[in-house]
Amino acid sequence: PLATRAMTEQEAQRVMEALNTPERIHTLPIFIAVMDTGVRRSSLLDHLRWQDVYFDEELIIVTAYKRKNKQQWPVPMTSRLKKELLKLRLQRKNNNPDALVFEQAMVNLRKLWKAAYSEAGVPEGTRMFYSVRHAFATEMANSGVELPELARLLGHSSVNMSYRYYNLTEKTLNKRSEEHTSELQSRSDI
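Owing to the predicted nature of the structure, the values given are computational and were not obtained by experimental measurement.

### Description of the overall build of the chain
Now for step 1: Of the regular secondary structure elements, the chain holds nine helices and three strands.
Now for step 2: When the helices and strands of the chain are listed from N to C terminus, the series reads α-α-α-β-β-β-α-α-α-α-α-α.
Now for step 3: Going through the 190 residues of the chain one by one, you find that 42% of them count as buried.
Now for step 4: In the chain, 61% of the contacts between residues at least 6 apart in sequence involve partners at least 24 apart.

### Re the side chain of Arg24
Now for step 1: Among the secondary structure elements, Arg24 is positioned in the loop between helix H1 (9-19) and helix H2 (28-37).
Now for step 2: According to the relative accessible area criterion, Arg24 is buried, its value standing at 7%.
Now for step 3: Once residues within four sequence positions are removed from consideration, Arg24 is found in contact with Ala18, Leu19, Leu112, Ala115, Ala116 and Glu119.

### A closer look at the nonpolar core
Now for step 1: Ranked by internal contacts, the top residues of the largest apolar core, which has 51 residues, are Phe31, Leu85 and Phe102.
Now for step 2: Apart from residues lying up to four places away in sequence, Leu85 is in contact with Trp50, Val53, Phe55, Ile60, Met77, Val101 and Phe102.

### What about the pattern of salt bridges?
Now for step 1: Going through the model one piece at a time under the given rule, you end up with five salt bridges.
Now for step 2: Two residues, Glu119 and Arg24, come together in a salt bridge whose shortest N-O distance is 2.7 Å. Of the two residues, Glu119 is situated in helix H5 (residues 109-119) and Arg24 in the loop between H1 and H2; the sequence distance between them amounts to 95 residues.
Now for step 3: The exposure class assigned to Glu119 is exposed, which follows from its relative accessible area of 55%.
Now for step 4: One salt bridge in this structure joins Asp36 and Arg80, with 2.4 Å as the shortest N-O distance. Here Asp36 is found in helix H2, whereas its partner Arg80 is found in helix H4 (residues 79-91), with 44 residues between them in sequence.
Now for step 5: For Arg80, a relative accessible area of 31% corresponds to the partly exposed category.

### Here's the deal with the confidence of the model for the chain
Now for step 1: Mean pLDDT over the chain stands at 82; residues scoring 70 or higher make up 83%.
Now for step 2: Between the elements of the chain, mean pLDDT differs from a low of 53, seen in helix H9 (residues 170-188), to a high of 97, seen in strand S1 (residues 53-54).

### Topic: the pairing of strand S2 (residues 59-66)
Now for step 1: Pairing geometry for S1 and S2, over two bridges, is antiparallel. Residue pairing across strands places Val53 opposite Ile60, the latter belonging to S2.
Now for step 2: Taken together, S1 and the strand that follows it, S2, pair antiparallel across an intervening segment of four residues, in which Glu58 is found at a positive phi of about 55°.
Now for step 3: In terms of strand pairing, S2 meets strand S3 (residues 69-76) through eight bridges, oriented antiparallel. When the sheet's bridge partners are listed, Leu59 is paired in S3 with Pro76.
Now for step 4: Linking S2 back to S3 in an antiparallel pair, the connection comprises two residues, with Arg67 at a positive phi of about 50°.

### Notes on the packing of aromatic side chains
Now for step 1: Counted according to the given criterion, the structure contains four aromatic pairs.
Now for step 2: Plain terms: the ring middles of Trp113 and Tyr117 are 6.2 Å apart, the flat faces sit at 15° to each other, and that makes the pair stacked. Taken as a pair, Trp113 and Tyr117 lie in helix H5 at a separation of four residues, close to a single helical turn. By the burial criterion, Trp113 is buried, and Tyr117 matches it.
Now for step 3: An aromatic cluster of at least three residues, connected via ring pairs, comprises Phe31, Trp113, Tyr117 and Phe129.
Now for step 4: Sitting above the plane of the Tyr130 ring, Arg127 keeps its charged end 4.4 Å from the centroid.

### Considering the sheet that holds S3
Within a sheet, each strand pairs with its neighbour through backbone hydrogen bonds, oriented either parallel or antiparallel.
Now for step 1: The strand order across the open sheet built from three strands is S1-S2-S3, with neighbouring strands paired in antiparallel fashion. Of all the strands in the sheet, just S1 and S3 have a single pairing partner and so form its edges.

### Overview of unusual backbone geometry
Now for step 1: Although it is not a glycine, Glu58 sits at a positive phi angle of roughly 55°.
Now for step 2: Mapped onto the fold, Glu58 is located in the loop between S1 and S2.

Scoring rules and cut-offs
- Residues numbered from 1 in each chain as written.
- Predicted model: local features only at pLDDT ≥ 70, side-chain atom pairs only at ≥ 80, totals over all residues.
- Heavy atoms only, no water.
- Helix = DSSP H or I, 4+ residues; strand = E, 2+ residues; numbered from the N terminus.
- Buried < 20%, exposed > 50% of the residue type's maximum accessible area, 1.4 Å probe, protein only.
- Contact = heavy atoms within 4.5 Å.
- Core = buried A, V, L, I, M, F, W, Y, C linked by side-chain atoms within 4.5 Å.
- Salt bridge = Lys/Arg side-chain N within 4 Å of Asp/Glu carboxyl O.
- pLDDT = per-residue confidence, 0-100.
- Pairing = 2+ DSSP bridges.
- Phe/Tyr/Trp six-rings, centres within 6.5 Å; stacked < 30°, edge-to-face > 60°.
- Lys NZ or Arg CZ within 6 Å of the ring centre and 35° of its normal.

Laid out in structure tokens, this is it:
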């Protein structure tokens, strides 16, 4: 198996194209949800219910169980994810707020994603959900999201857990260094 790695932006685009077929399209909303929120597989597939989706506030309430303790936290909904969830809502058979959001989308998920990943040229052995979660977290870190906020978004109880996702690029490190230098200079001007 390959070492843990983040899916590249190019790979993600190719996977989305590979999922955009009549046989696989029903799984595309899950892929987009992982890409746009970084939420764990179990939180999305086993626990996300319609009552946890707030379209007006553009939030989803993520649920995770750690040692039988239920934990919940809000995660922002991107416009792309909102569009996919609105489409799913229109396809619902009933309006039970306790129904799972991705209940229909889970059909043959592993098999269909494995084929799509292969078609997209994603190296064999890449962890399907984790590589996308890792890419989300790395992108957030590189866009300037502070470590405590990243830990909250990912549902980590400790920021130490989030360090493994913090694959800062040279560009980001240079930007942070410039910000730190600027902050030190402004303090010395006082």
